[in-house]
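# Geometric and topological summary
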Amino acid sequence: SVVYQKGLSLSSSSRQSCTSGEMINIISVDAVGLALFILYSTLGVASLAALGATIAVMLANVPPMKMQEKFQQKLMDCKDVRMKATSEILRNMRILKLQGWEMKFLSKINDLRTTETSWLKKYLYTWTAATFVFWGAPTFVAVATFGACMLLGIPLDSGKVLSALATFRVLQEPIYNLPDTISMMIQTKVSLDRIASFLCLEESPMDAVERLPSGSSNVAIEVSNGCFSWDGSPELPTLKDLNFQARQGMHVAVCGTVGSGKSSLLSCILGEVPKLSGEVKTCGTMAYVSQTAWIQSGKIQDNILFGKEMDSEKYDRVLEWCSLKKDLEILPFGDKTVIGERGINLSGGQKQRIQIARALYQDSDIYLFDDPFSAVDAHTGSHLFKECLLGALASKTVVYVTHQIEFLPAADLILVMKGGRIAQAGKYNNILGSGEELMELVGAHQDALTALDVIEVANGGSEKLSSSLSRSLSSAEEKDKQNGKEEGDKVQSGQLVQEEEREKGRVGFWVYWKYLTLAYGGALVPFVLIAQLLFQVLQIASNYWMAWASPVSEDAEPPVMAIFRAPMSFFDSTPSGRILNRASTDQSEVDTYIANQMGYVAFSIIQLVGIIVVMSQVAWQVFVVFIPVIIIFLCYQRYYIETARELQRLVGVCKAPIIQHFAESISGSTTIRSFGKEDQFVLTNSHLIDADSRPKFYNAAAMEWLCFRLDTLSSFTFAFALIFLISLPTGIIDPGIAGLAVTYGLNLNMLQAWVVRSMCNLENKIVSVERILQYISIPEEPPLSTSGDKLPHNWPSEGEIQLRNLHVRYAPQLPFVLKGLSVTFPGGMKTGIVGRTGSGKSTLIQALFRIVEPTVGQILVDGVDICTIGLHDLRSRLSIIPQDPTMFEGTVRSNLDPLNEYNDDQIWESLDNCQLGDEVRKKELKLDSPVIENGENWSVGQRQLVCLGRVILKQTKILVLDEATASVDTATDNMIQRTLRENFSEATVITIAHRITSVLDSDMVLLLDDGVAVERDSPAKLLEHKSSLFSKLVAEYTMRATHT
């Protein structure tokens, strides 16, 4: 919980580390001290040899223990790197599959695992060396002690020998446990050091922003002489010379080109960017809508309420404002639909609208919007702007970043950003002629609109068109509603994310067998058993010899491959916490614990058999009690293990939600902090930790319950054996051997308990192997390449795509998204796909890349059915700029060309083509400039341009743009369109766009509605028919745009 709270409050520059503490080395001194005292009273001066031998054993273990700590630290560091990479890959698995890069990234994980394994081996070898020394210690101490007696001439009779042997057996137990104790202490120390260094990281300064209570000032936001830098360095400030204020109720628009500092401006108001100088004041509560939607996994309703009480009237109003009602009617469970991780089963527009609804429901004083209108279509964008900003938030203070020029005139103040400075500030009409920055943006907007001059629509006409548009859209939605209802009745369990499965009943023998045979096919197992057996036999034989020979005394341990080959639906419906839990916790158990536990089971059983053999030689009558006791033992063990096993499985299941919640909270920490919801999230985290601790606590209690009963039974058996030996008449049995039996009997109760405990622990821990094996057997995607007919190397040469009666759905229990689509995209032509959010545009693209397999129908590319060829054969011949621009941790070069297929000149050329060349040349390391996790040191618009660079490098015959220009300003959008026209003049280009201007120069437009092709023709033809849906969409856009 402390770590979680720390995680929420870390600052962006927390990269400090704290030094490791001193070596801890605690040994079970009490047991050793007591044993040495008994030896001294029995053997006198010779016991000093025992002391010397014990000290020698301890000293012999200091070097291995120091090495162990170093190896454990390295092992944990390697694990960190592997987990970070795994987490990033799981987050971006869709992009990796679309690009056909998943095998390259799998090899990266395998390399990291190889490094980790090399440290793990070193750690285990030193542990083995320590164990060898310790386990040989009792024999070594006995030899040293009895040897000293011989040299010093101390007479050894059976009393002294048996007393000494009994003492050595008492010593044996703590010494056997020492390697584990020390190993555990080293692990604990390393973990505590790592937690301590994490807790010492720098936090976001609380005083970056002066927050005043609501109503205490008529200025809502004020920034004076502000200078800010993401990396905290004064040489390279992100924002400089910031001076502006927004009065209560003002609407401030922020615009500018890609990378000019628009999002950073909002972050500095939130206090997220390290402040170098100046001051920031805000007055009142705040709500923030980020540029890339942050959605929690859980119900849609919970995402909107965000911890507030349900107020039905207000909730309905918010849904209306954000035009979410229609979407909720289509979804199978309405607002009770469970959203997958990162809102995976929602379209980009739906995620943004849920974010806006969350902000509106909080009813804050200040609203910060980071370009939320770019992810939605023109019609919805106008509706949101009108209803939310001009309606619901008319009296609130709103700062909104936007690339849509048409939203600027409504603002009371416009800030035009350029190079981290405010280049122009004022009302629209005042600054339009006073500088070139805004003119640049408006000019680009006008260029885009010239394409629309085809339609002469009088204002009145467009009003009429607009109302008929919403009517025609709502009739389409009526149809949606019917379909949704029918499907909903059919499907009750149709939620995307299901409860995590756990095995029931006994852990199958095959799990143990699989574990044992993974290394060298199990060839080492017999050797281990023989070694354990010899150790025990020799130890018993030496003790026998000592007891016989002395005179009688006067007073008598790959699931990663399977996961990478899983279909996308597996990642959509499996929270990454579940996969990460197996990759971290379960993998650690397999690496360091299970092999030891198996050794203990074998060793304790062999020891127990040895004791039984010794005792039965002296007094076989003991078996009269012994056999029933063993039977009772086994019954108890069976009774206990049923409960313990299920509890252990629950432990595994309860861990995943903690990891997932933690990862989700870290990625949305800006949003959580801006809403002031830290306490709510810390509380949720505490509840999850409690839920995880409960089965662990019950497990420990169940183990104590078992141990108490085992110890009682063992004591009873030993007492019976003692009484039996004492009551035998003199002379029937050799007193030395009788003493030896008693000496061994001392360990009997401990050993019986140890056998049962080891077996139960093993079965508990082997659940980790079972959980990892669960993911080895998940269904695979179709093969990456087919060995049959080789595709021509220039396929597809024409680039013609035919869809025949295409039906697609995301899971058998979910409704169809595409319903019988039959369309041909001619080769070498540009096709624009438009339609309302959720109409199936992105699904069509996913079907083309076989992220989702068609349920019915075919997709032919140049006459080849894409379902008959390998996935990599297909995906490597297509290019896509996806909706969410993604960059991976690494360098600029590795982001453009992860497979190392191109030389530097080609990479520079593609960077120049996508207008990033100058930006990269400015950086010290050029192509090797670092990219941090998620590409967060690049703006969203720049990330979009990197994605453009990738496709320019790849130069394929078919290119798909999935709302590729949503995050850039109109000028950059026009530049991207121009670049694409130049580089892909011969290619088939399919564009999904919310900006109507992006599809107007297409050769063909396809309008989708509810998974069906409603209209399909050239833009000019469709615009001739004033009644066509496309005409109405264009009219809506024109009407909105010509307001400027």
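Residues numbered from 1 in each chain as written. Predicted model: local features only at pLDDT ≥ 70, side-chain atom pairs only at ≥ 80, totals over all residues. Heavy atoms only, no water.

Per an unreviewed UniProt entry, the protein chain goes by the name ABC transporter C family member 13 and belongs to Aegilops tauschii subsp. strangulata. If you open the UniProt record of the protein chain and go to Sequence similarities (unreviewed entry), you find "Belongs to the ABC transporter superfamily. ABCC family. Conjugate transporter (TC 3.A.1.208) subfamily." Among the UniProt annotations of the protein chain, the heading Subcellular location (unreviewed entry) holds the following wording: "Membrane". (UniProt positions renumbered as here; feature names shortened; annotations may be inferred.)

### Observations concerning the overall build of the protein chain
Looking only at helices and strands, the protein chain has 37 helices and 24 strands in total. Each of the 1044 residues in the protein chain was classed as buried or not, and the buried ones make up 55%. As presented, the protein chain carries roughly 44,300 Å² of accessible surface, and 59% of it is formed by carbon and sulfur atoms. (Helix = DSSP H or I, 4+ residues; strand = E, 2+ residues; numbered from the N terminus. Buried < 20%, exposed > 50% of the residue type's maximum accessible area, 1.4 Å probe, protein only. Areas by Shrake-Rupley, 256 points an atom, 1.4 Å probe, with all protein chains shown as cover.)

### Here we look at the sheet that holds strand β14 (residues 818-825)
Sheet architecture is open: four strands sit in the order β14-β13-β16-β17, paired in antiparallel fashion. With partners counted over all chains shown, the strands left at the sheet margins are β14 and β17 (864-865), one partner each. Judged from the two bridges that link them, strand β16 (residues 856-861) and β17 form a sheet pairing that is antiparallel. In the strand pairing of β17, leucine 860 is matched with aspartate 865. Where helix α28 (residues 841-848) meets the sheet, it contacts β13 (801-808), β14 and β16, and its direction lies at approximately 115° from that of β13. (Pairing = 2+ DSSP bridges. Contact = heavy atoms within 4.5 Å. Axes fitted to C-alpha atoms, helices over the stretch in contact; angles between N-to-C directions.)

### Brief notes about the sheet that holds strand β2 (residues 219-228)
Pairing within the open sheet is mixed, and its four strands lie in the order β1-β5-β2-β3. Whereas interior strands pair on both sides, the edge strands pair on one side only; in this sheet they are β1 (210-212) and β3 (239-247). Adjacent strand axes in the sheet meet at a mean angle of 5°, parallel and antiparallel pairs treated alike. Examined bridge by bridge, β2 and β3 share six bridges and lie antiparallel to one another. Its bridge partner being in β3, glutamate 222 is matched across the sheet by glutamine 245. Against the sheet, helix α8 (residues 262-270) engages β1, β2, β3 and β5 (275-283), with an angle of about 70° to β3.

### Things to note about the side chain of glutamate 116
Along the polypeptide, glutamate 116 turns up in helix α6 (residues 102-152). Side chain to side chain, glutamate 116 and arginine 113 meet in a polar contact 3.2 Å long. Ignoring sequence-local partners within four residues, the contact set of glutamate 116 consists of Leu75, Cys78, Lys79, Arg82 and Asp591. (Polar contact = N/O pair within 3.5 Å; in protein donor to acceptor, adjacent residues only side chain to side chain.)

### Let's talk about the nonpolar core
The biggest cluster of nonpolar side chains holds 55 residues, and the ones touching the most others in it are Phe825 and Leu844. For phenylalanine 825, the contacting residues outside a window of four places in its chain are Gly799, Glu800, Ile801, Leu803, Thr831, Ile833, Leu844, Ile990, Met1004 and Leu1006. Ranked by size, the runner-up nonpolar core spans 50 residues in total, among them Tyr315, Ala357, Phe373 and Leu438. (Core = buried A, V, L, I, M, F, W, Y, C linked by side-chain atoms within 4.5 Å.)

### With respect to the environment of glycine 949
Position of glycine 949 relative to the elements: it lies in helix α33 (residues 940-954). Sequence separation between glycine 949 and cysteine 914 is 35 residues; the distance between their C-alpha atoms is 5.8 Å. Dropping the residues within four chain positions of it, glycine 949 is found in contact with Leu896, Ser910 and Cys914.

### A few points about the packing of aromatic side chains
Note on aromatic pairs: each is described by the distance of the centres and the angle between the planes. Evaluation of the coordinates by the stated rule reveals 15 aromatic pairs. Centre to centre, the rings of phenylalanine 385 and tyrosine 400 are 5.8 Å apart; their planes meet at 70°, and the pair counts as edge-to-face. Here the residue phenylalanine 385 occupies a position in helix α13 (residues 378-392), and tyrosine 400 occupies one in strand β10 (residues 397-401), the gap between them amounting to 15 residues. Judged by its relative accessible area of 1%, tyrosine 400 is buried. Considering the side-chain rings of phenylalanine 385 and phenylalanine 407, the 4.2 Å spacing of their centres and the 15° angle between planes classify their relative orientation as stacked. Taken together, the residues phenylalanine 385 in helix α13 and phenylalanine 407 in the loop between β10 and β11 (413-418) connect sequence positions 22 residues apart. Here phenylalanine 385 falls in the buried class, since its relative accessible area comes to 6%. Phenylalanine 407 sits in the buried class, given a relative accessible area of 2%. (Phe/Tyr/Trp six-rings, centres within 6.5 Å; stacked < 30°, edge-to-face > 60°.)

### Section: the pattern of salt bridges
Under the counting rule described, the total for this entry stands at 25 salt bridges. Between glutamate 320 and lysine 325 there is a salt bridge; the shortest N-O distance is 3.7 Å. Of the residues examined, glutamate 320 reaches a relative accessible area of 44% and is grouped as partly exposed. Taking the relative accessible area as the measure of exposure, lysine 325 reaches 31% and is therefore partly exposed. A salt bridge links arginine 921 to aspartate 912, with the shortest nitrogen-to-oxygen separation between them at 3.0 Å. Taking relative accessible area as the criterion, arginine 921 reaches 36% and is therefore assigned partly exposed. Classification of aspartate 912 by relative accessible area gives partly exposed; the value is 36%. (Salt bridge = Lys/Arg side-chain N within 4 Å of Asp/Glu carboxyl O.)

### Quick look at α33
The terminal C-alpha atoms of α33 lie 22 Å apart, and with 15 residues this matches the ideal 21 Å at 1.5 Å per residue to within 8%. Most of α33 sits inside the fold, with 14 of its 15 residues counted as buried. Glutamine 955 sits one or two positions beyond α33 and adopts a positive phi of about 45°. (Expected span 1.5 Å × (residues − 1).)

### A short note on the pairing of strand β18 (residues 878-881)
Side chains of β18 alternate between two faces, with Leu878 and Ile880 and Ser879 and Ile881 buried alike. Taken together, the four bridges between β18 and strand β21 (residues 958-962) define a ladder with parallel strand orientation. Bridging from a neighbouring strand, isoleucine 880 pairs with valine 960 of β21.

### Things to note about a nonpolar patch on the surface
Where nonpolar side chains cluster on the molecular surface, the patch consists of Val45, Leu48, Leu51, Ile55, Leu59, Leu151 and Leu152 and spans about 720 Å² of accessible area. Among the secondary structure elements, those contributing two or more residues to the nonpolar patch are α3 (47-60) and α6. At four residues, α3 tops the list of elements feeding residues into the nonpolar patch. Its location among the elements puts leucine 51 in helix α3. (Patch = residues over 30% accessible without salt bridge, like charges linked within 9 Å, V, L, I, M, F, W, Y side chains within 5 Å.)

### Structural notes on helix α34 (residues 970-983)
Between its first and last C-alpha, α34 extends 20 Å over 14 residues, near the 20 Å set by a 1.5 Å rise per residue. Along α34, the residues that are buried comprise Thr970, Thr972, Asp973, Met975, Ile976, Gln977, Thr979, Leu980 and Asn983.

### Some thoughts on the packing of α3 against helix α4 (residues 62-91)
Contact geometry for α3 and α4: axes closest at 4 Å, N-to-C directions at 25°. By the criterion of interaxial angle, the relationship of α3 to α4 is roughly parallel. Across from Met58, Leu59 and Ala60 in α3, the residues of α4 making contact are Val62, Pro63 and Pro64. Class assignment for the residues of the contact of α3 with α4 results in six nonpolar, no polar and no charged. (Parallel < 35°, antiparallel > 145°, perpendicular 65-115°, else oblique. Nonpolar A, V, L, I, M, F, W, Y, C, P; charged D, E, K, R; others polar.)

### Concerning the pairing of β10
Taking burial as the measure, the five residues of β10 include five buried ones, the bulk of the element. A two-sided burial pattern is seen for β10, the buried positions comprising Thr397, Val399 and Val401 on one face and Val398 and Tyr400 on the other. Here four bridges tie strand β4 (residues 251-256) to β10, and the two strands are oriented parallel to one another. Its bridge partner being in β10, valine 254 is matched across the sheet by valine 401. Here strand β9 (residues 366-370) pairs with β10 via five bridges, running parallel. Residue phenylalanine 369 lies in a different strand from β10, and its bridge partner there is tyrosine 400.

### Quick look at the side chain of aspartate 335
Mapping aspartate 335 onto the fold places it in the loop between α11 (325-330) and β8 (338-339). A relative accessible area of 14% places aspartate 335 in the buried class. A polar contact is formed between the side chain of aspartate 335 and the side chain of tyrosine 315, at a distance of 2.7 Å. Aside from chain neighbours lying at most four places away, what touches aspartate 335 is Lys299, Ile300, Gln301, Tyr315 and Leu328.

### Thoughts on the packing of helix α31 (residues 904-913) against α33
Where α31 meets α33, the axes come as close as 9 Å, and the angle between the chain directions of the two elements is 130°. On the basis of the axis angle, α31 is oblique to α33. Crossing angle aside, the handedness with which α31 passes α33 is right-handed. Together, Gln906, Ile907, Ser910 and Asn913 of α31 and Gly949, Ile952 and Leu953 of α33 make up the contact between the two elements. Of the residues belonging to the contact of α31 with α33, the class tally is three nonpolar, four polar and no charged. (Left-handed = near helix turned anticlockwise from the far one by under 90°.)

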